[in-house]
Amino acid sequence: MTLLPAAAGPSSVPDGPHNIAHRGASGHAPEHTFLAWDLARSMGADYLEQDLQMTADGVLVVLHDATLDRTARGPAGSCSGPVRERTLEEIRRCEVGSWFNERSPDRARSDYVGARIPTLDEVFERYGADVRYYIETKQPDEAPGMEEALLELMDRHGLTRAAEHEGRVLIQSFSPASLRLIHERNPRLPLIQLLGSDSAEVISSLDGVTEYAMGIGPSASAVTAEVVAAAKARGLLVHPYTVNEPAEMETLLELGVDGMFTDYPDRLASLLEGR
Ligand code: G3P
Ligand code: CA
């Protein structure tokens, strides 16, 4: 088991490298749908990613974008514009499979049409403690209460202890404030600070990150031997995003990363099996 920095509490996660399904197996199926997460599981993913948005009536739904327009289809009055201006009832009228078939006709499937935007509650209900979750608070400064709602749902589904002791739920964000808030509420929860593509900026942020997080999620383009060494010297895990080409996966594994986000967990699983 990997020990965490002291500031992150006594949590631990299994040894990597971890295969993190970015929005599910989103290279093969519509992102952030049960289809994409089920497929990722069958392909050997260790963690299933969820990006969080909050509806106008305060419900956490799983969608990458702050707006519905890219991936949602349905009544324009319900399925366009910012998620935070739509109620859950409106969100339920939208489907998020057709856009994938339009964008990727070579991978299109008729059963993708009609896929719904899941609530986080529904995701926890479906998978329970059978999977590992990697959950991102998206634009949390525009959704006050997002962190509280996440922690409350984890509690309700019995996932808090599993997160604390097994790293079954990793919480990630680009927002240090969001992660610090969660750390204040429960310092035993494993947190990952997302970072950008500038290697020097990544390294300069590390000391601050150790105050509340157990790892970093930099852009893959920021990851160098120096970045990995600096992170390891501070006991931080390194989970780059988003890596889809096997050659780049190999390079990052050689550099010693602890896992990576990929739209193609099948490709990463094949590489890891061969190591
Ligand atoms: O969370 C890691 C990676 O997913 C960050 O980028 O925009 O795909 O959420 P994004
Ligand atoms: Ca994400």
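Presented here is an overview of the structure given in this document. (Residues numbered from 1 in each chain as written. Chains lettered and ligands numbered in written order. Predicted model: local features only at pLDDT ≥ 70, side-chain atom pairs only at ≥ 80, totals over all residues. Heavy atoms only, no water.)

### A look at the overall build of the protein
(1) Moving on: Regarding its fold elements, the protein presents 12 helices and 11 strands.
(2) Moving on: Seen through its C-alpha atoms, the protein measures out along the principal axes to roughly 50 × 40 × 35 Å.
(3) Moving on: In the protein, which comprises 275 residues, the share counted as buried stands at 56%.
(4) Moving on: Considering only intrachain contacts with a sequence separation of at least 6, the fraction spanning at least 24 residues in the protein is 57%.
(5) Moving on: Just so you have it, the protein exposes about 10,900 Å², and 49% of that area is on carbon and sulfur atoms.
(6) Moving on: If you average the places of the 25 positive and of the 43 negative side-chain charges in the protein, the two averages end up 3 Å apart. (Helix = DSSP H or I, 4+ residues; strand = E, 2+ residues; numbered from the N terminus. Buried < 20%, exposed > 50% of the residue type's maximum accessible area, 1.4 Å probe, protein only. Contact = heavy atoms within 4.5 Å. Areas by Shrake-Rupley, 256 points an atom, 1.4 Å probe, with all protein chains shown as cover. Lys, Arg positive; Asp, Glu negative; His and termini not counted. Charge placed at Lys NZ, Arg CZ, Asp CG, Glu CD.)

### Digging into the pattern of salt bridges
(1) Moving on: Enumeration according to the criterion identifies 21 salt bridges in this entry.
(2) Moving on: As a salt-bridge pair, R23 and E31 come within 3.2 Å of each other at their nearest N and O atoms. Across the pair, exposure class does not vary: R23 and E31 are buried alike.
(3) Moving on: By sharing partners, the salt bridges in this structure join R23, E31, D65 and R70 into a single network. (Salt bridge = Lys/Arg side-chain N within 4 Å of Asp/Glu carboxyl O.)

### A closer look at the site of ligand 1
(1) Moving on: In the vicinity of ligand 1, the residues found are H22, R23, E49, D51, H64, E136, K138, Q172, F174, L194, Y241 and F261.
(2) Moving on: Within the side chain of R23, an N or O atom sits 2.8 Å from an oxygen atom of ligand 1.
(3) Moving on: Q172 is positioned with one of its side-chain polar atoms (N or O) 2.6 Å from an oxygen atom of ligand 1.
(4) Moving on: Relative to its unbound accessible surface of 280 Å², ligand 1 loses 90% to contact with the protein.
(5) Moving on: In the shell around ligand 1, the residues fall into 4 nonpolar, 3 polar and 5 charged. (Near = heavy atom within 4 Å. Polar contact = N/O pair within 3.5 Å; in protein donor to acceptor, adjacent residues only side chain to side chain. Nonpolar A, V, L, I, M, F, W, Y, C, P; charged D, E, K, R; others polar.)

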